[in-house]
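Architecture at a glance
The lines below spell out each chain.
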Amino acid sequence: MSEVVLETKDLSMVFPDGTQALKNVTLTIKKGELVSIIGPSGAGKSTFMRSLNMLNKPTDGQIVFEGENVLKARGKQLRQIRRRIGMVFQHFNLIKRSPTYQNVLHGRLGYMPSLKGGLGRFSEEDTRQALEILRRVGLEDQAFKRADELSGGQQQRVGIARAIAQTPSLLLADEPIASLDPSSSENVMTYLKNVCQEDGLTSIVNLHQVDFAKKFAHRIIGIKAGEVVFDGSPKELTEGITNHLYYSK
Ligand SMILES: Nc1ncnc2c1ncn2[C@@H]1O[C@H](COP(=O)(O)OP(=O)(O)OP(=O)(O)O)[C@@H](O)[C@H]1O
């Protein structure tokens, strides 16, 4: 059997205002899988993703990441867990005025003494590695440009490069193509899938676009009103299931 990277058991999340965003989500994610989470707006996709590294603390259930109980982790253990979980954001979250390669180096900060990292003192070896990662996302010729001079698709590829620089074992991408046009979306998803495949990296990608999920994911999980209502291959996601997921009450 392939190696299990992440397991959630009966994961539930009720926000302080009483909104139940997740209900008994039980999933097993294996090494190297590219899993796409789909579902209507407000279904709980972001809450699920944010709960995995405790940006939202679930109210019930269990998360086991590489054998560690995430909900029990505190302090140093939690920081070390977070270091192994790379994040890619819808709005890229780059430091706009910094050069592209320095944005990539920010992925290394969790590994550096805070003073050195805070002062932006990266070694030549760090810089060489950043340039190599930029090459992998097709941006070696953009390394010394300011991040905000890049197109949206290029900025998201920097976002992917930064996450990869962190050498994570799980990559979480929350709506990584929601702000991009169809052609840039295709390009970004291709790079994301390729780097994950090359590194044997497991990834969970929240997507609004079902066609992209079907094209790029190995496995699709459909969430509706906080519950998993579909878990299968792109082929198994029929039009009927999609309609149920998005349109039925
Ligand atoms: N901090 C919060 N406090 C209260 N309710 C919240 C909070 N964050 C999210 N919610 C609610 O939890 C539910 C799930 O939200 P979530 O953002 O996870 O959905 P989503 O599937 O990611 O939606 P979208 O596709 O629109 O991003 C929604 O009803 C939302 O209003």
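Residues numbered from 1 in each chain as written. Predicted model: local features only at pLDDT ≥ 70, side-chain atom pairs only at ≥ 80, totals over all residues. Heavy atoms only, no water.

1. Describing the environment of Ser46
For Ser46, the position within the fold is in helix H1 (residues 45-52). Along the backbone, Ser46 and Asp174 are 128 residues apart, and their C-alpha atoms lie at a distance of 6.6 Å. The contact partners of Ser46, leaving out residues within four places of it in the chain, are Asp174 and Asn206. (Helix = DSSP H or I, 4+ residues; strand = E, 2+ residues; numbered from the N terminus. Contact = heavy atoms within 4.5 Å.)

2. Notes on the packing of aromatic side chains
Going through the model one piece at a time under the given rule, you end up with 3 aromatic pairs. Ring centres of Tyr101 and Phe144 lie 5.1 Å apart, and the angle between their planes is 55°; on these two criteria the pair is classed as tilted. Here the residue Tyr101 occupies a position in helix H3 (residues 100-105), and Phe144 occupies one in the loop between helix H5 (124-136) and helix H6 (152-165), the gap between them amounting to 43 residues. Judged by relative accessible area, which is 16%, Tyr101 ranks as buried. On the accessibility criterion, Phe144 (61% relative accessible area) is exposed. Their ring planes at 5° and their centres at 6.2 Å tell us that Phe212 and Phe216 sit as a pair that is stacked. Remark: Phe216 and Phe212 occur in helix H8 (residues 210-216); sequence separation between them is 4 residues, near one turn of the helix. (Phe/Tyr/Trp six-rings, centres within 6.5 Å; stacked < 30°, edge-to-face > 60°. Buried < 20%, exposed > 50% of the residue type's maximum accessible area, 1.4 Å probe, protein only.)

3. Examining the pattern of salt bridges
A pair can form between side chains of opposite charge whenever their charged atoms are brought close. Counted by the stated rule, this structure contains 10 salt bridges. As a salt-bridge pair, Arg136 and Glu198 come within 2.8 Å of each other at their nearest N and O atoms. Separated by 62 residues along the polypeptide, Arg136 in helix H5 and Glu198 in helix H7 (residues 182-199) bring together distant segments of the chain. We classify Arg136 as buried; its relative accessible area is 19%. Of the charged contacts, one joins Arg146 and Asp148 as a salt bridge, the two residues approaching to 2.7 Å between their closest N and O atoms. Given the relative accessible area of 32%, Arg146 is considered partly exposed. Look at Asp148 and you get partly exposed, because its relative accessible area is 32%. (Salt bridge = Lys/Arg side-chain N within 4 Å of Asp/Glu carboxyl O.)

4. Some remarks on the side chain of Ser12
Its location among the elements puts Ser12 in strand E1 (residues 4-14). Excluding its chain neighbours within four sequence positions, the residues that come into contact with Ser12 are Gln20, Leu22, Lys23, Asn24, Pro58, Thr59 and Asp60.

5. Re the sheet that holds E1
Sheet architecture is open: 4 strands sit in the order E2-E1-E4-E5, paired in antiparallel fashion. Since the sheet does not close on itself, it has two edges, and those belong to strand E2 (20-30) and strand E5 (68-69), each with one partner. Of the strand pairs in this sheet, E1 and E2 are connected by 7 bridges, and their pairing is antiparallel. Residue pairing for E2: Leu6 is matched across the bridge by Ile29. (Pairing = 2+ DSSP bridges.)

6. Structural notes on the site of the ligand
Residues in close proximity to the ligand total 14 residues, the closest being Ser41, Gly42, Lys45, Ser46 and Thr47. Note that an oxygen atom of the ligand is positioned 2.5 Å from one of the side-chain N or O atoms of Ser41. Burial of the ligand by the protein chains amounts to 62% of its free accessible area of 630 Å². No other element matches H1, which puts 3 residues into the shell around the ligand. (Near = heavy atom within 4 Å. Polar contact = N/O pair within 3.5 Å; in protein donor to acceptor, adjacent residues only side chain to side chain. Areas by Shrake-Rupley, 256 points an atom, 1.4 Å probe, with all protein chains shown as cover.)

7. Some remarks on unusual backbone geometry
The backbone of Asp10 sits at a positive phi, close to 50°, despite the residue not being glycine. Relative to the elements of secondary structure, Asp10 occurs in strand E1. Owing to a relative accessible area of 42%, Asp10 belongs among the partly exposed residues under this scheme. The phi dihedral of Met54 falls on the positive side, at around 65°, and the residue is not glycine. Position of Met54 relative to the elements: it lies in the loop between H1 and strand E4 (60-65). A residue is classified by how much of its surface remains accessible, and Met54, at 11% relative accessible area, is buried.

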